[in-house]
Amino acid sequence: MPDVTLEMRRVNNCQGCGVSSVQSTEPFPEPSANTEPDDVRHPSLDRQAGRTLQQDERKNATILFADIVSSTSLVSRSDPEVALDILRPALNLVSEAVQRYGGTVNRVTGDGLMALFGAPFSDEEHALGACCAALEMHTALARSGLGVELRVGINSGEIVVHPLRVGNLETVDAAGGAVHLAARLQQAASAGSTWISDATFALARGRIETRIVGPQPFRGFDRPSVVHLLQAADATLTRLDVAGRRGLTPFVNRMNELHLLEDAFGRAAAGQGCAIALEGDAGVGKSRLIREFVAARSGVRVLEATCTRWRDDSGFHSMRVLTQRLLGLDATEDPEATRARLQMVAAAPDAPPAEALDAIAALQGVNAPSAGTEVTPAGRPYRSGAGPLAGWAALAPNARRRRIIEGCLAALLQAALDKPLLVILDDVHWTDSGTYEVVERLLDALEGSRLLLLLGWRSGYRFAWAGHPALTHVAMSPLLPAEARKLARSVLGPRANNDVAVAELADRAAGNPFFIEEAAAIPDPMHVPPTVSSVLSARIDALKPDEKQFIEALVTVGEPTTAELLSSVLDADSDSSHTRLAAAELEQAGLVRIDGAGGSARIVCRHPLLQEVVYRGLTRARRRALHGRIATAMERLAGDRATDEAAVLARHARLGEIWDAALRHARAAGDRAASHHANREAVRFYEEALEALDHLSEENVPLSVGVDLRFALRDPLFRLGRIADLRKRLDEAEALADRLDDKGRLGQLLIVRSHYACLGGDYAATIAAAERAAALARAQSDPALELRATFERALGEFGQGALAASIAGMTEVAEHAEDPALGGRFGLDGPLAVVAAGYQMRALTDLGRFDEAERIGQTCAARAKAISRPFTSIFADLAVGYLLLNRGDTGDARARFADAVAMCNQAEADLMRPVALSLLGAAEAATGDVTNGLELLQSAVTTAADMGFMFQQPLRLALLAEALSVAGQSEAASRWAAEARTLAEVQGDSISLVAARRMLRRKAP
Ligand SMILES: Nc1ncnc2c1ncn2[C@@H]1O[C@H](COP(=O)(O)OP(=O)(O)OP(=O)(O)O)[C@@H](O)[C@H]1O
Ligand SMILES: [Mg+2]
């Protein structure tokens, strides 16, 4: 026998209404104003009825496997027909339990089945539903007397649910590791029991009872999984009930709403009965507000019921609960006790009318209290089976229904005759059809009573009576940012000290208290908690298909966009009226916001978390398709302005795997970023372009594009000081240029190679590459290439300390770089002329030729000013400062270097930073601020080393040694001087070598 009990709620067998079980019911959409006199006034409760899964979707769901135990021996031992007589009804009972709790049976084998909860359509209570279904399966089989038992396994997690068509058979199936674990749990469970995973346990915690089985190894899984034995479940508990048991978070604000409620209660108490509807998103705090309001009304009579998704099938579930509470009935008592209690109520002076009590008795599933006490008109007792009960039993279903409605209404009004009464109905979006009608009638009857009817429901639902004049709507908005932060702080615990974390949590949750609490309860609040994800995807799945597609397209665009773009993405041929309609519907449902009007109106998803959940629900294939369509539509709509949107277009084309467009747009975005010195972005875009290129064949895109992209990367990489990456890209470019035998690109490449060899401190390689470039230039009669080769060579010579040779080369470049005949090729332009003049100055300074250096410095500074570009100005400042420093004008030098450091930071000139820092450090040390100077020099040396920027590194080391010695740290000074010497020797840097040796001699005892 199963050791499980289903303690959800007592299920009575109602003689009046035929209630026999609980029923899973989905939220219903917009009940119509159908006035037919029978019980079809309430439209279909099943939003998902008749819907089929259109495409593969990722879902957070619960998977249940159930297997009839020892069925194999049953089948082998007995006649097939006998076995079938047992298996068939058993499977029916099992699948009924699945359906009752909102599950879908998606696989049936001869003796078992697999079911999905929360898939194909999301359900925020998928884990709890599966647990309740499992418990009910065991109970139903035990009661059936079929003599078989079940093993059940349940697991929750992310799956991909997909439509499956095999021949004529259409079903859905699920894929993912979560499915396998559920199957393994089922295989391992003992007969009559249900094993659930830790993931399911976490989702249903507080509403299920379990016994821990412990970590269990399962075939196919690397690590053991923690298993729980399911024992009981209580589906009547709301999440707030569970939260209440743990201890609620301190209540935040809601003063306005509380005042409105107080006002309404005041009016009702004075005999002007009225109703309030609290409307708001899931988790916004409707139930909490009600709780706080009730807590503050001690002594007031309160009747409260929460509409539930899994309810009895009386059609009056919530009214049953409300009337039980009104009359003090105990739902767990046997019918006789209930009847006795009803008779007592009937005898009280303020008892509801007898017909009302009869109807309520019928609703509770017991005989009418008046039966047996009443006498016939002739004064004799009714015969057994006759009288009012017989009268009730003889009524047609519609008449019974109307009597129950009237009865409930009369009983409630009677209770509010003399004293105020607060009637609360929460989660009205899940109401049953009978309660729905009682509410409608009650609204008509409130006037003159002392009853305040308080209704709570989630926004997005519309009820026929919602516009009733007695009903005041209170829209519950998310918490304001300051309040949301207050709540975030109170739930984040020790992490609340981090203001950024607090603000991020509050903003991401868009002020929704439930989302804030749930996100704070998981290790990384930046993830979407599975509970929140299920609530949000259930909301999305309840949308009409075209609204759902709209929101999927919107979140894939990922930023505010227009109806025009979305309609073009969703259906290239249609006009945008459909899309505008969907947008308007979604705006009304509070899911999107529309800023502005007409064609330029911008549509934006209102909740960051919703955006994330919807996007994550898309399969990779669907995301790819959507991004591709977005890229195509955007490109078409942008027309000539496509370059302005290159970055966005590049992203969609890349994610849509339209590689030629991805290449084109990423390159354009890279060029744009590079032109603004947005170096990090430029590198990212060019690298994305290269990645796109990898997907394209040589027939589609010429190889030269690969060379050019790598060239394009050189400047931003250089500015960011990523020398090693740069070298790698240049190697790749050279290999490509060789394959192409492209002399023009090869010349360029040699220049670049020479330049970057110099930055790496390899002056021999610098000069060798420069000479190859010069030879190529001469062979091709290319004076521009030749002049640039001269510059590179002079730079190498400067590095080696061959100052006279370097001055000659730099002078030539400074004079001719802007020669119009050279056409600005190979980077020959004003800025390069300033750089050449700068080196000229520095070499002259090192040679002690200060006057010449100063003369050049003046023109250099003037030209830099005219050019007004960060790099040029930094160069000029450093060169002039160097002269000042060496001449002994340390104060002025220091000001120049400080300017240069500031500009380096501003312009992300990461590579120039060590140069500027080291010179500033030297100047600080020289002006007496040794501590600061040392710090700057230290940082210059390490940042340069980290970047692989070895040009003049020995000089920086020598300057550091010098400052250390001034600070009296002679041991460290000698160590760094020795380092400077070694590096200078390796590089062949004669000037630094001299300086280092001098230092070392000075330090020698
Ligand atoms: N003003 C508030 N201050 C502090 N905590 C709040 C506040 N409002 C709500 N909460 C907390 O947020 C969680 C969700 O609130 P509640 O259950 O009232 O939401 P709801 O709007 O009723 O959602 P649902 O539609 O899912 O029933 C609860 O744990 C509640 O305690
Ligand atoms: Mg609630």
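Above this note sits the structure.
Residues numbered from 1 in each chain as written. Chains lettered and ligands numbered in written order. Predicted model: local features only at pLDDT ≥ 70, side-chain atom pairs only at ≥ 80, totals over all residues. Heavy atoms only, no water.

## Observations concerning the overall build of the protein
Then step 1. What the protein contains, in helices and strands, is 41 helices and 17 strands.
Then step 2. Rg of the C-alpha trace for the protein: 40 Å, well past the compact-globule value of 30 Å for 1005 residues, more than 25% over.
Then step 3. Principal-axis analysis of the C-alpha atoms gives the protein an extent of 140 × 75 × 65 Å.
Then step 4. Every one of the 1005 residues in the protein was classed for burial, and the buried ones make up 54%.
Then step 5. Across the protein, every contact between residues at least 6 apart in sequence was considered, and the portion connecting residues at least 24 apart equals 68%.
Then step 6. The centroid of the 108 positive side-chain charges in the protein is displaced by 2 Å from the centroid of its 128 negative side-chain charges. (Helix = DSSP H or I, 4+ residues; strand = E, 2+ residues; numbered from the N terminus. Rg over C-alpha atoms; globule rule 2.2 N^0.38 Å. Buried < 20%, exposed > 50% of the residue type's maximum accessible area, 1.4 Å probe, protein only. Contact = heavy atoms within 4.5 Å. Lys, Arg positive; Asp, Glu negative; His and termini not counted. Charge placed at Lys NZ, Arg CZ, Asp CG, Glu CD.)

## A short note on a negative patch on the surface
Then step 1. On the surface, a cluster of negative charge is contributed by Asp 330, Glu 333, Asp 334 and Glu 336.
Then step 2. Examined against the element boundaries, Asp 330 turns out to sit in the loop between helix 9 (317-327) and helix 10 (335-347). (Patch = residues over 30% accessible without salt bridge, like charges linked within 9 Å, V, L, I, M, F, W, Y side chains within 5 Å. Areas by Shrake-Rupley, 256 points an atom, 1.4 Å probe, with all protein chains shown as cover. Salt bridge = Lys/Arg side-chain N within 4 Å of Asp/Glu carboxyl O.)

## Structural notes on the packing of aromatic side chains
Then step 1. For the structure on display, the rule yields 13 aromatic pairs.
Then step 2. With centroids separated by 5.4 Å and ring planes inclined at 45°, the aromatic side chains of Tyr 436 and Trp 465 adopt a geometry described as tilted. Here Trp 465 lies in the loop between strand 14 (451-458) and strand 15 (471-475) and Tyr 436 lies in helix 14 (residues 433-445), a separation of 29 residues in the sequence.
Then step 3. The exposure class of Tyr 436 is buried, given its relative accessible area of 3%. (Phe/Tyr/Trp six-rings, centres within 6.5 Å; stacked < 30°, edge-to-face > 60°.)

## Observations concerning the packing of helix 2 (residues 80-100) against helix 3 (residues 126-144)
Then step 1. Put simply, helix 2 and helix 3 touch, their axes get as near as 9 Å, and they point 150° apart. Considering the angle they form, helix 2 stands roughly antiparallel to helix 3. Remark: the crossing between helix 2 and helix 3 carries right-handed chirality. Contacts between helix 2 and helix 3 involve Ala 90, Leu 93, Val 94, Ala 97, Val 98 and Arg 100 from the first element and Ala 133, Glu 136, Met 137, Ala 140, Leu 141 and Ser 144 from the second.
Then step 2. The residue makeup of the contact of helix 2 with helix 3, split by class, is nine nonpolar, one polar and two charged. (Axes fitted to C-alpha atoms, helices over the stretch in contact; angles between N-to-C directions. Parallel < 35°, antiparallel > 145°, perpendicular 65-115°, else oblique. Left-handed = near helix turned anticlockwise from the far one by under 90°. Nonpolar A, V, L, I, M, F, W, Y, C, P; charged D, E, K, R; others polar.)

## Side note on the site of ligand 1
Then step 1. Around ligand 1 lies a shell of 23 residues, among which Gly 283, Lys 286, Arg 288, Arg 458 and Glu 517 are the nearest.
Then step 2. At 2.8 Å from a nitrogen atom of ligand 1 is found a main-chain nitrogen or oxygen belonging to Val 252.
Then step 3. One of the side-chain nitrogen or oxygen atoms of Arg 458 is found 2.7 Å away from an oxygen atom of ligand 1.
Then step 4. In the complex, 96% of the free accessible area of ligand 1, which totals 630 Å², lies under the protein chains.
Then step 5. Among the elements of the structure, helix 6 (239-246), helix 8 (286-295) and helix 17 (513-520) are those that each provide at least two residues to the shell around ligand 1.
Then step 6. Residues that form the shell around ligand 1 fall into these classes: eleven nonpolar, four polar and eight charged. (Near = heavy atom within 4 Å. Polar contact = N/O pair within 3.5 Å; in protein donor to acceptor, adjacent residues only side chain to side chain.)

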